[in-house]
Amino acid sequence: MATVTDLNISEVKLSEEYVGKWGMFINQDVCTGCQACVAACSMENNIAFVGPEDAGYGRTMNWIRIERFWDGEYPEIKMTSRQPMMCQQCGHAPCEPVCPAFATVHSQAQQLNLQVYNRCVGTRYCANNCPYQVRSFNWRDYKRPEPLPNQFNPDVTVRQRGVMEKCTFCIQRIHQAEDKARSEGREVADGEFTTACAQVCPADAITFGRVDNPESLVSQLTKQYEGLKHLPELGTLSNVSYFKGG
Amino acid sequence: MSKNFSRRDFLKLAGVGATTTAILTGCGPASRYVKREPYMQMPEYTYNGQSTYYATTCRECAAGCGLVVRTMQGRAIKTEGNANHPLNLGKTCARGQATLHGLYNPNRVRGPIKHTRGERLYAFDEDPFNGDFPDVAANLSWDDATQVIADALTKYKPNEIAFLMGAAPDHLFDFVTDFTSATGLNAPIRFGALSMFEARATLSKAAENLFGETGLPFFDIGGAEIVLSFGANFLETWLSPLPYTRGFTGLREGKTKQRGYFVQFESRMSQTGGKADEWIPIRPGTEALVALALGRLAFERRGGALPRAFADVNPKEAAEKAGVEFETLERLAVLFADKAGALAIPGGAALGQSNGLEVAEAVLALNAIPDNFGKRGGVYLSALAPTETEYHRPASPKEMEEFTAKLASGEIKALFVHGVNPLFELPKALNFKAALDKVEQVISFATFPDETAVEADYIFPDHHGLESWGYQRVFTGSAQAILSGAQPVVSPFYDTRATVDLLLAAAQLVGGKFAGAVPFKDEVEFIQSKTAPLKNEANGFFSAVDLPTFNASFQQYGGWWKTESAFGAPNTEDVLNRDFDGAEPEFNGEGEFYLVPFVSPTLAEAGANKPWLQELADPTTTVMWSTWVEINPETAEELHIDNEDVVKIISEFGAVEAAVYKYPAIRPDTIAMPFGQGHTAYGRYAEGRGANPADLFSAEYNQAGDILFGGLKVKIEKTGKKLAIPRLESMMGVYGEGLGEE
Amino acid sequence: MIKRLFDWLKQPLGLIAVGIVFLAVFSVAVYGLSLTQKAPDQPIQFPHNKHVGFGIQCLYCHPGASKGPNAGLPSQAKCWACHNQIARTQTSELLAPLKNAVESGTPIQWVPVAQVPDFVQFNHRAHIAAGKNCEDCHGDMTKVTVAENPQVFNMGFCLDCHVKTAGEDKVLLNKLADCGTCHY
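Residues numbered from 1 in each chain as written. Chains lettered and ligands numbered in written order. Predicted model: local features only at pLDDT ≥ 70, side-chain atom pairs only at ≥ 80, totals over all residues. Heavy atoms only, no water.

Novice: What am I meant to see in the sheet that holds strand β10 (residues 206-210) of chain A here?
Specialist: As a general point, the strands of a sheet are linked pairwise by backbone hydrogen bonds and lie either parallel or antiparallel. All names here are of chain A. Strand order in this open sheet of three strands is β10-β1-β11, and the pairing throughout is mixed. Both edges of this open sheet fall to β10 and β11 (240-243), since each of them pairs with a single strand only. Looking at each pair of strands side by side, their axes are set apart by 20 degrees on average, direction ignored. Bridge count for strand β1 (residues 22-27) against β11 is four bridges, and the pairing is parallel. Pairing of N27 across the sheet is with F243, part of β11. Where helix α6 (residues 217-224) meets the sheet, its contacts fall on β1, β10 and β11, and the angle it forms with β10 comes to roughly 120 degrees. (Pairing = 2+ DSSP bridges. Helix = DSSP H or I, 4+ residues; strand = E, 2+ residues; numbered from the N terminus. Axes fitted to C-alpha atoms, helices over the stretch in contact; angles between N-to-C directions. Contact = heavy atoms within 4.5 Å.)

And the structure:
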């Protein structure tokens, strides 16, 4: 009988042919930088707000942020395409091997990078090793005074001080959709559910789905726009593709 | 501690202590067990642990987007867009998401209050993140509240009573309109800061002058091939941002043709301007000239007789005045003339100049070159909502000044305020505070302890939007006529009451003509009386055999809309048959900088009390929780000003202080400031944070009655102070620590 | 100073003192542990054994178990549906809280005993669908009066069963032993 230790956790193919399971395609050409995804993510995932002082220290907890860059100088200046940046759910993730507590592990079943809050001891090694800078650390028990907690999503753990956190690709929605599909004896259909950020995006810049299914919308769009990965030279095998556009 | 007491010993001792403590407290039943209250009577459509979804309408602005709210065990958990709703097709903006932080805001008005003007409505401390800031408790019963209103209705003459209302909700406005017209009271007046910064009066007046009929133009960006926007911030808060954002995606993806081209003319790069293929920083005040020059050049390109509208302009001179290369104008004019779907959109600070109306007309007239009026990729007249016969726009600032004068003269003795916060939203120059002091009785129906509620004698809080019944007319953004329906998604969290119900009760109490004016049992009956005629209308997207079914479907789908397009094609005979003088506007003030005030895209006029909106990075500067003033880096260098230096911005009419943000995409002769902060009340997250650029405005108006918010020249003065403004772009933090710069 | 303390502790009186301190800490710890094993006070001394004994199915009162994550607690309307037809309800002292709650319209505040920590996302439906019976985790309710926690729901208990269920099926094991199955 197999036990948990029999699992080969590092069984990830380090090759160009690697295909994850869940992935995203982001069309930066239409992203308007409106921050609706950031707000939606915070509401869905019980993310704490940190207040101006800690925000000034760069301790904001957002799991997704919209980066904006300048190109050129006045008057020939351009705000280049906005870049929504969240955990890229790497197939070969730099954050995973550095965690001494095995709190940052790879999900074989979902092909996602997990953050197991109850294992996390707060070394922050993972955040230091993440080339995308998408992990955020709970420096304090950030207060959400009553009655704000009434809004909490019961499907997502409320994190405490000393715990690292990051985008989960709304794994609670994945489980919910899979559970529903199983109860009806079918597979999860493409577009049946999506992440909070993709659902809210007024410009339809974010598409979420199965990247291992060539028929899914996300695969089709990635192909059509020739989506590129960030920092491919690091061999992270990221699951998020970007189209920068003009 | 002695040297001999090693770290190991300490850990051992500490370990024993910690274990004992953990056993005694951490694992004890007191911490482990919680109490759970089951439903007393479980609603039949509810299962434990499963969410229930309700369709309603967003009340964060007046656009009327449909929401579907996920609720669980009687709590609202998450808002999503209503996928069926033709206006927003399942999407929301950041403010729509954060509406739950309004519903469960720690500072809400908890019940009816009799209140001394100026007194605090909640305890406040400098640090809103720690400590407890209890709200003032309710000190009246709702029966008392009803009596207070009834007394006001009987004590004062009909023309001494006035209603001041926000742009939402429409059902309450309709109720008050019916009520006041049947009883001879003053008709209600509506205002919103968003429509002030959109210069909506100017836009609709320009459309009226050009097309000969009232209505709000709608610009079909999604179908266009080239878009020239003169400062219209249609991706932010402008009119109805969600359909315009969808249109923008359509422009970029250009499903049938190639990717559309987008050019923005403005002196400070807005979030919208940041998405443009070409951003052209023309000198403030030359917008009309540039539009006319483009018109002339495009017409010459197409050939044919030059129309009156563009005959008088000299394109070369215009280019020079505006500070643009003539070749750029020529190139754009060629692009504009050659494309079928070419669109020009007026908006932004240019309409808030003394020649704002001419700017709006000149830019609108550009659309006559490819004659795209009433065509795909062109300009339509917005569809009227199903229960509407003509477009009602909120009061212009000029009309608000007249209203304020009426208050100040003592003509109005009782003022009812709902859904608007004039003490924050109206520029200080209108001196609304002094006018309010002259009113004998001020009754506020505010949900939140805002500035106007603080200056009221009574606060009779209405429900939050998610706890309310209602409907909202969609005034622009969709081809279909839409009446968006609202229903409570959770039961009221506090002891609040629907204002319609309160007024109904008061009318009953007074009796006589008041009771007869509104013969309804409650708010729901009133709303259903208004929606009932829709049952028999053709082309509704659902049909119902009887009224109860119709009402149930109206609730379930979140409104009623038609299946066919109701876009109006403007009458365009006279569009180009007019004279433009192309004169430059007058700017107020002696300062060397043009001031561009803009609405914060994330906070808008009423978002400052929602902590997650405060913590959203501004889309252009990535600043959070603050007000900043944008200055071109070169100008800043000349003045020896650096990031985070606090400067004083001085107009002839006021002064505000804000920290500097060196913004690379702004004209060197222009500074810009966001509107949305600078509250002196409105809850712990809003109060005492930042400054309000509207304090700098002068009480002067353009021909359409919009205030000259884009027509100011200001001075800046260094204060010697520094204020760290948190921003997302600086992952190292903004305090300069750890950078060796101490 | 520490050295002097150790020297003192090594003499007989010191050893006795150490013994007393150890005993005190130990007994407090044992008392603390015993507290964790005690069922909490419930608003109503609800006899599960009687209700199950009457042949009432678990899902009659906890129907959420087959539908979603929470089994759920029955509303008092559900209790009352049967109890208002039972004469003893009107007189029994033990049932007085139920009667009071229904008559005054105040909810009953139950204290759930079968709990998992906040960082565990448990779903009843998947377990019922996989063929688990209620008693596999919650114990034999015909023997329980006031609900007790029959089983410590720690990770070993869950994972044992998950691994057993998967057996030789490596794909299923990947799924069932994945951290992300329960923790997110």
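Novice: Sorry, what's going on with the interface of chain B and chain A here?
Specialist: The parts lose accessible area when they come together, and the size of an interface is often stated as this lost area. Tallying the contact residues gives 72 residues for chain B and 64 residues for chain A. Taken over both partners, the interface formed by chain B and chain A buries close to 5,500 Å², and the fraction arising from carbon and sulfur atoms is 58%. Per-residue buried area on chain B facing chain A is highest for K91, K275 and W612 of chain B; these three make up 12% of the total on that side. Remark: the boundary between chain B and chain A carries six salt bridges. Between D29 of chain A and R259 of chain B there is a salt bridge; the shortest N-O distance is 2.6 Å. Seen at the junction of chain B and chain A, the total is 25 residue pairs in polar contact (both at pLDDT 80 or more). (Buried area = accessible area lost by both parts, 1.4 Å probe. Salt bridge = Lys/Arg side-chain N within 4 Å of Asp/Glu carboxyl O. Polar contact = N/O pair within 3.5 Å; in protein donor to acceptor, adjacent residues only side chain to side chain.)

Novice: I tried to follow the packing of aromatic side chains on my own but got confused; where do I start?
Specialist: Remark: the centre distance and the inter-plane angle together describe each pair of aromatic rings, the angle taken between the planes. Under the defined criterion, the tally for this structure stands at 50 aromatic pairs over all chains. An aromatic cluster is built from F218, F219, F234, W238, Y244, F248, F262, Y380 and F567 of chain B, whose rings are joined through pairwise contacts. Here the guanidinium or amino end of R59 of chain A rests over the ring plane of W139 of chain A, the centre of that ring lying 4.6 Å away. The ring of W22 of chain A has R210 of chain A sitting right over it, with the charged end atom 5.3 Å from the ring centre. (Phe/Tyr/Trp six-rings, centres within 6.5 Å; stacked < 30°, edge-to-face > 60°. Lys NZ or Arg CZ within 6 Å of the ring centre and 35° of its normal.)

Novice: Whenever I open this one, the nonpolar core confuses me. Can you help?
Specialist: Across soluble globular proteins, nonpolar side chains have a tendency to be buried as a group. F234, F265, L294, L415 and I649 of chain B are the most contacted members of the largest nonpolar core, which totals 140 residues. Not counting the four nearest positions on each side in its chain, L415 of chain B is found in contact with A162, L164, F403, L407, F432, L436, V439, Q441, V442 and I443 of chain B. Grouped together as the second largest cluster of nonpolar side chains are 88 residues, C31, C99 and C170 of chain A together with C179 of chain C included. (Core = buried A, V, L, I, M, F, W, Y, C linked by side-chain atoms within 4.5 Å. Buried < 20%, exposed > 50% of the residue type's maximum accessible area, 1.4 Å probe, protein only.)

Novice: Got a minute to help me understand a negative patch on the surface in this structure?
Specialist: Side chains of E73 of chain A together with E634, E637 and E638 of chain B sit close together on the surface and give a patch of like negative charge. In this fold, E634 of chain B is placed in helix α24 (residues 633-638). (Patch = residues over 30% accessible without salt bridge, like charges linked within 9 Å, V, L, I, M, F, W, Y side chains within 5 Å. Areas by Shrake-Rupley, 256 points an atom, 1.4 Å probe, with all protein chains shown as cover. Lys, Arg positive; Asp, Glu negative; His and termini not counted. Charge placed at Lys NZ, Arg CZ, Asp CG, Glu CD.)

Novice: Explain the pairing of strand β14 (residues 441-444) of chain B here, please?
Specialist: It is a general feature of regular strands that their side chains alternate between the two faces of the sheet. Residues and elements named next belong to chain B. A two-sided burial pattern is seen for β14, the buried positions comprising Q441 and I443 on one face and V442 and S444 on the other. Strand direction decides the pairing type here: strand β13 (residues 414-418) and β14, joined by four bridges, are parallel. Paired with F416 across the two strands is I443, which belongs to β14. Here β14 runs beside strand β15 (residues 458-459); their pairing, made up of two bridges, is parallel. Bridge pairing links I443 to Y458 in β15.

Novice: Looking at this structure, I do not really get the domain arrangement of chain B. What am I missing?
Specialist: Residue and element names in this part refer to chain B. Domain annotation for chain B reports domain 1 (54-104 + 477-496 + 522-564), domain 2 (105-123 + 131-192 + 394-462 + 500-519), domain 3 (197-381) and domain 4 (593-722). On a C-alpha basis, the centres of domain 3 and domain 4 stand 26 Å from each other. Listed per partner, the contact involves 27 residues of domain 3 and 29 residues of domain 4. Of the roughly 2,300 Å² buried at the junction of domain 3 and domain 4 (both faces included), carbon and sulfur atoms supply 65%. The three residues of domain 3 that bury the most area against domain 4 are F197, R268 and G352, which together make up 33% of that side's buried surface. Remark: the boundary between domain 3 and domain 4 carries one salt bridge. R268 is the partner of E630 in a salt bridge, and the nearest nitrogen-oxygen pair spans 2.6 Å. There are 14 residue pairs in polar contact (both at pLDDT 80 or more) connecting domain 3 and domain 4. Residue assignment for the side of domain 3 that touches domain 4 shows that the elements contributing at least two residues are α8 (200-211) and α14 (356-366). Considering every element that reaches the side of domain 3 that touches domain 4, the biggest residue donor is α8, with four residues. (Domains from an automatic or database assignment.)

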